[in-house]
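# An overview of the molecular structure
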Amino acid sequence: MSERPIALSSGAPRAAAERTVSFNPYVPRPIDRPTEVPLGPHADLTTLDEAKIFAAPDDPADWPVWREQLTRWRAAARARLGYTGEHYDEIAGDCFTVCLAWLWDETLYDHDRGVFTVEAFLDAARRDFGGFDGIVLWHAYPVIGLDERNQFDWYRDVPELPEVVRAFQAHGVRVFVDYNPWDTGTRREPGADAEEVAALAATLGVDGVFLDTLKEGAGELRKALDAVRPGLVLEGESRVPLARIADHAMSWAQWFADSDTPGVLRAKWFERRHILHHTRRWHRSHLDELHSAWLNGCGVLVWESVFGVWVGWNDRDKAVLRAMRRIQASHAAWLRSEDWVPLADHPGTGQVYASRWTHDDRPLWTVVNRGADHDGPWLVTDPRSERFVDLVTGAELTVTELEDGRVAVGGPLPAGAIAAVVATDAPVPRHAPPTGDPSFPARSAVRSRTPQARLAALPDGMATVEAGRRELTVRHRVRETGLYGEAPYVDEWKPLPPRLHHTGTLHRTVSLGRFAIDTHEVTHGQYARFLAATGYRPVRPERFTAGQGRVDAPVTGVDLADARAYAEWAGLRLPTEDEWQVAAEAGLLVRREPLVWNLTESEHSDGRTRFVILKGGCAYRAEGSDWYLDGGPQPPEVSVKLLLTGAGLTRSTSVGFRCAADLPEEAR
């Protein structure tokens, strides 16, 4: 049996090289900011080709020329590319609101029963957001790198996933998987990534692929997906290149900053059927994204659990999105119309702005109030009808005739509100205005109760740690997961090194009772005896290999429930992460070979994500990307947050456990 004292473990959390902070994370980077549109008659407009948003001039007098320049740029760019838009003829319908969901979100997967709960997830989505048009089932990051499994394994090893996909689709919800091009350090597939992504899409029957960290999918990926089924969507992250709008029907518009006067999304202006999904994942208000999406006839990405961190939407923003979705459902043809006039029919004063969309010669105005409470005209337009109505509330608007023959249309519009105006004589259903609490809906990650396992005397193979108050220094790599449920970035734009992947330090003051802890990890041989004695079988048996390895090697192929079952049978429990660290720093723990992470009794849940703290490091380390979970030997003070997956996927060749128990206080 090969062993090593824990005091000899070396290494530290993998971190990006220290860099001088040269940016303000609370201010959009230059790359995120809107692009000014040259207004000169002979200006070179090719400078607009890779913009995120076309900035709008502040002076309404410049808007007609600005719109002319946008129209001129679009015509020239489409001619340069020989653009036909034929790919969009293959796409079935619109997909305005997409949810990025952790596959093991507690509203989607019942961890105790080991089953997916698609109906319950969709019921909650309808109540909160008015439903979703699509869902991205995010699966591997930030867990990938725990062992040799690659991104495809983390999907393929869920046997019922094709049925989950079909269940969403049966409710009209399109399903997307994500592709991580940076995953090059885990187990390699026999085929190229493009082939494997396409094969996965075919097996699962999904509607498209989200491209993590990629603005576009290379030509081979597009070709491979087309061979599976025409119309499979590629959605790039951030600013889709102009040439790729032709075969990327959607884009993930992350961290797009608008101008003070609302601007125009470049990809949407180029191709009216292209759908962008606005999102700023760490922001606690989404009103700016909602306004921009509403004026641009686009959608949003709802992302409330960001890689294990709760960043939920507030009630006001949910209400605004619910109102948007009603109009998007009834007037989708308008929002993809070629006849789109941004900053249309402005009354001349105030911060109420509108886009005018015309379909079948009937206009729809999408309206936002970017200023304070407003009571006055929203639009000045031709008298198309005696009656103008806001479809959001169903309220009839005030119409005032002007001397030039036009009419001013408006009424009260609260700060931040949206509206959808039509000229109609038909009755319109009444709805309550979209209001709600704009404050952040906080959640806490609550620790599960540590079970009691009291021993009268110290068994063989265990060491004693006396009771007392301890000051612990905990180190961890600052990832997007945080450590204990805290949001590592709040109201920030794109986190970059050194704020991302640096070594963080946490000081914990803990009071521990007297306890015993195994000097060594539980072995496969010990676990086999437990199985023989009890006939234990887990709820989900996938990857359950405990008791099948070398008898003196640390047991692996266990999840938290499997480890707890063994400990309870032995009259013990798992150590907390604090107990583990105190014992390790005292030199009481010995590591078996191969090194495996040790589970601790530190399960937490915020009602959406479950996680546990790992200690000790492991032999395996995935190389080549900072996005991988930490690996390699780690000193006692290092902690790693592991999100708990379902269907047996938490079971790993890199994770084992040891046991602990409570001891009576010594007589004094």
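Residue positions are given per chain, counted from 1 along the sequence in the order it is written. Only residues with pLDDT of at least 70 get local features here, since the model is predicted, and only at 80 or more are side-chain atom pairs given and counted; chain-wide, interface and lining totals rely on the full set of residues. As a rule here, side-chain values cover all heavy atoms of the structure and leave hydrogens and water aside.

## Digging into the packing of helix 2 (residues 118–129) against helix 9 (residues 315–330)
Only the stretch in contact is used when a helix axis is fitted, and all axes are lines through C-alpha atoms; the angle between N-to-C directions ranges over 0 to 180 degrees. Numbering goes from the N terminus for both helices and strands, where a helix is a DSSP run of H or I of at least four residues and a strand is a run of E of at least two. Two elements in contact, helix 2 and helix 9, have axes whose closest approach is 8 Å; the angle formed by their N-to-C orientations is 95 degrees. Of the possible angle classes, the one that applies to helix 2 and helix 9 is roughly perpendicular. Contact with helix 2, carried on its side by Arg-127, Asp-128 and Phe-129, involves Lys-318, Leu-321, Arg-322 and Arg-325 of helix 9 and no other residues of that element. Note that Gly is not counted as nonpolar here; it falls among the polar residues with everything else outside the nonpolar set of Ala, Val, Leu, Ile, Met, Phe, Trp, Tyr, Cys and Pro and the charged set of Asp, Glu, Lys and Arg. Residue composition of the contact of helix 2 with helix 9, grouped by class: two nonpolar, no polar and five charged. Working definition: roughly parallel below 35 degrees, roughly antiparallel above 145 degrees, roughly perpendicular at 65 to 115 degrees, and oblique for all remaining angles. In what follows, residue pairs with any heavy atoms lying within 4.5 Å of each other are defined as contacts.

## A word on the sheet that holds strand 22 (residues 407–413)
Strand pairs in the sheet, formed through backbone hydrogen bonds, run parallel or antiparallel to each other. Across the sheet, three strands lie side by side as 19-22-21; this open sheet has antiparallel pairing. Looking at which strands have only one partner, the edges of the open sheet turn out to be strand 19 (374–381) and strand 21 (398–401). Taken pair by pair, the neighbouring strands of this sheet meet at an average axis angle of 30 degrees, ignoring direction. At least two bridges found by DSSP between two strands are what make those strands a pair. Summarising the sheet, strand 19 and strand 22 pair through seven bridges and their orientation is antiparallel. Note on strand 22: the bridge partner recorded for His-374 is Leu-413.

## Things to note about the packing of helix 8 (residues 287–295) against helix 9
At a minimum axis distance of 10 Å, the contact between helix 8 and helix 9 shows a crossing angle of 10 degrees. What the angle tells us is that helix 8 and helix 9 run roughly parallel. Crossing hand, helix 8 versus helix 9: left-handed. For the pair helix 8 and helix 9, the contacting residues are Leu-287, Leu-290, Ala-293 and Trp-294 in the first and Arg-316, Asp-317, Val-320, Leu-321, Met-324, Ile-327 and Gln-328 in the second. In terms of residue class, the contact of helix 8 with helix 9 is built from eight nonpolar, one polar and two charged. Two helices that cross are described as forming a left-handed crossing if the nearer one is turned anticlockwise from the farther one by less than a right angle, and a right-handed crossing if clockwise.

## A closer look at the side chain of Ser-292
Here Ser-292 shows up in helix 8. You can call Ser-292 buried: its relative accessible area is 3%. Between buried and exposed lies partly exposed: a residue is buried under 20% and exposed over 50% of the maximum accessible area for its type, with that area taken using a 1.4 Å probe on protein chains only.

## Considerations on unusual backbone geometry
At the junction of Pro-497 and Pro-498, the peptide bond is cis and its omega measures out at 5 degrees in the coordinates. Between Glu-593 and Pro-594 the backbone carries a cis peptide bond, its omega angle lying at -5 degrees. In this structure, Pro-594 sits in the loop between strand 29 (590–592) and strand 30 (597–599). One non-glycine residue, Trp-255, lies in positive phi territory at about 65 degrees. Following the sequence through the fold, Trp-255 ends up in the loop between strand 10 (250–254) and strand 11 (264–265). Located in the positive-phi region is Asp-491, a residue other than glycine, with phi close to 55 degrees. Turning to its location among the elements, Asp-491 is positioned in the loop between strand 26 (468–477) and strand 27 (503–512).

None of this, on its own, says anything about what the molecule does.
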